[in-house]
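One-letter residues, chain by chain:
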Amino acid sequence: MGRYLITSALPYINGIKHLGNLAGSMLPADVHARFRRMQGHEVLFICATDEHGTPAELGALEAGLDVRGYCDQQHALQRDVCARFGLSFDWFGRSSSPQNRELTQHFAERLEEAGLIEERTTSQVYSIDDRRFLPDRYVEGTCPRCGYESARGDQCDNCGALLDPVDLIRPRSKISGSERIEVRDTTHLFLLQDRMAERIRAWVDAAQEWPPLARSIAYKWLDEGLQPRAITRDLDWGVPVTKNRRPRPGFDDKVFYVWFDAPIEYIAATAEWADATGGEWRRWWLLPEGADDVTYVQFMGKDNVAFHTVSFPVTLFGSGEPWKLVDRLKALNWVTWYGGKFSTSERRGVFMDQALDLLPADYWRWRLMANAPESADSAFTWSGFQNGVNADLVNVLGNFVNRVVRFGETRFAGVVPDGGTPGPLERSLFDELDTRLRELTEHHEAMEFRRAAAETRAIWAAGNQYLQRAAPWSAISADPPAAACSLRTAPASQPGYPHRFCRIPHKRSFSHSGWRIICSAGRRRRLQCCSTNCRGASQ
């Protein structure tokens, strides 16, 4: 069997994430990790909170906490809500860990030794009223390319253009809103990405298993020409800047920029996992130590693709060390909220904790993956969510479960019966399932989540069609063995068997919990199903 290293884009530390974050990286990564485990592969599924940068400092200030205490609190909240959503991370780390500090400083020094880092004095926006330099993301203004009035200093969310704060028209501080800002000189370290452009292009050319979205974004950056990019910032919170493993002169009030250290946390989080569990992280990341037989799969939203297809590979290649690079990069579009983007900073949309207060995780997991934003942005609406859950989980899967369980209770005292011999109807069902399960596997192999969901739904429907044709409720009077055979066969037609439906092969008695149906009036009514004995199964 194979070995799969799976990483999800790191959720930022400032607050519980919204459904767009979930559907754009963490949830599809979890589905793929579960699929690979079910195949019997060795899987290491890694994620972490991204904890450095100005938003963490401002969040701590607003909460009345020191930054470390704020990050401790927020990490615990995010770890808890991810667990409640069933995200099966092998490790959920932290970019503020000692492991990440050590590795970030190591990479920076290796890159400088290779001639890929140099000090440059540049002009940066300084807020007079805030009395601080403003990181790119905390300068807002009008995009010079498309005219969008809320473009950030590093990127325009409307047209995707990469920007510098000084490019913005009428720039202002996002912290205070003040336009009393000026440009001052400051010295920073720059990663000379342009010197690695040919190597990165050759690597992207060879990445034939990436989806078109990921490749197109990478080529956009390459075609526009890679530019040297600052990897330090004037901040207090972050990884200290070193040279020869000592504080770098003139950089006492600076730290590494979050976009530089955050991807390194994939490696560092694996080291955290190893330190906590006794595992060996180097066999996952260093080619001579075992990583040469690892398939590395990354999941992220499209706004993170450029950093993972260009900047992070520059770091890994530029170090001159034999690091494992991504093999398959699954990039997803955005989930939109009534015409706009979900937004953590503006508290727009549905957030993971709110979602779980409303309904169980499986409702959200199913709907988000059945409507995954793969080829285009995917709109979330309450009516679409209601209709999707009711049509798929209730009318198809729920109806199937309900018919099997009720018939088993009323006619066979809650025990799966012996007797009866499979006939043409059963053989036809399993011939269909052979085809559908093969296609379902192919969709999951290709990380085509919408198609996988559609095939799963078709398998549920096949179970209902079989029951309708077998009609055990009619056969029970004239041919009880045939009815018994139908009852045994029906649940065996579904993915996950024998873990689903109360482990019927083991002749466990049926037990019931309620599936809630969302009705048009917003009320909930109950549909009987059997999941109590199957809590450990992947639903």
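Residues numbered from 1 in each chain as written. Predicted model: local features only at pLDDT ≥ 70, side-chain atom pairs only at ≥ 80, totals over all residues. Heavy atoms only, no water.

Asks: Outline the side chain of Gln 74, supporting the account with residue identities and numerical values.
Replies: Of note, Gln 74 is situated in helix α3 (residues 67-84). Residues in contact with Gln 74, not counting those within four places in the same chain, are Ile 13, Asn 14 and Gly 15. (Helix = DSSP H or I, 4+ residues; strand = E, 2+ residues; numbered from the N terminus. Contact = heavy atoms within 4.5 Å.)

Asks: Break down the pattern of salt bridges for me, citing the residues and quoting the values.
Replies: Taken as a whole, this structure holds 35 salt bridges when the rule is applied. Linking Arg 36 and Glu 445 is a salt bridge whose minimum nitrogen-to-oxygen distance equals 2.9 Å. With a gap of 409 residues between them, Arg 36 in helix α1 (residues 19-38) and Glu 445 in helix α13 (residues 424-445) connect regions that are remote in the sequence. Here Asp 234 ties to Lys 254 by a salt bridge, and the two come within 2.6 Å at their closest N and O atoms. With a gap of 20 residues between them, Asp 234 in the loop between β11 (232-233) and β12 (242-243) and Lys 254 in the loop between β13 (246-247) and β14 (255-256) connect regions that are remote in the sequence. Taken individually, Asp 234 and Lys 254 each receive the classification buried, so the pair is uniform in this respect. (Salt bridge = Lys/Arg side-chain N within 4 Å of Asp/Glu carboxyl O. Buried < 20%, exposed > 50% of the residue type's maximum accessible area, 1.4 Å probe, protein only.)

Asks: I'd love a proper account of helix α5 (residues 197-205), names of residues and values included.
Replies: When we look at burial in α5, the residues that qualify are Ile 200, Trp 203 and Val 204. Down the axis of α5, the sector holding all buried residues measures 100°, keeping them to one side. (Arc of directions from axis to C-beta.)

Asks: Describe empty space enclosed by the protein, and please don't skip the residues or the numbers.
Replies: Tallied over the full model, the rule gives three cavities of 30 Å³ or more. Within this model, the largest cavity holds a volume of roughly 80 Å³. Along its surface, the largest cavity is lined by 13 residues, and Leu 368, Asn 371, Ser 378, Ala 379 and Phe 380 are the ones closest to its centre. Looking at the lining of the largest cavity, the elements that each hand over two or more residues are α11 (361-370), β19 (378-380) and α12 (382-412). In terms of residues, the lining of the largest cavity owes the most to one element, β19, which gives three residues. Split by residue class, the lining of the largest cavity holds eight nonpolar, four polar and one charged. Size it by volume and the second largest cavity reaches roughly 50 Å³. Residue lining of the second largest cavity: Trp 203, Trp 285, Tyr 296, Gln 298, His 308, Phe 312, Pro 313, Leu 316, Lys 324, Leu 325 and Val 326, and that is the complete set. With four residues, helix α9 (residues 305-318) is the single largest residue contributor to the lining of the second largest cavity. Within the lining of the second largest cavity, the residues separate by chemical class into eight nonpolar, two polar and one charged. (1 Å grid on protein atoms, 1.4 Å probe; cavity = no way out; pocket = protein on both sides within 12 Å on 5 of 7 lines; lining within 4 Å. Points joined across faces, edges and corners; volume = space filled by probe spheres on them. Nonpolar A, V, L, I, M, F, W, Y, C, P; charged D, E, K, R; others polar.)

Asks: Could you give an account of the sheet that holds strand β10 (residues 229-230), naming the residues involved and the relevant values?
Replies: On the basis of which strands lie adjacent, the open sheet formed by four strands has the order β5-β4-β9-β10 and antiparallel pairing. Each having just a single partner strand, β5 (132-133) and β10 make up the two edges of the open sheet. Looking at chain direction, strand β4 (residues 117-127) and strand β9 (residues 181-191) are connected through 11 bridges and run antiparallel. Paired with Val 125 across the strands is Val 183, a residue of β9. (Pairing = 2+ DSSP bridges.)

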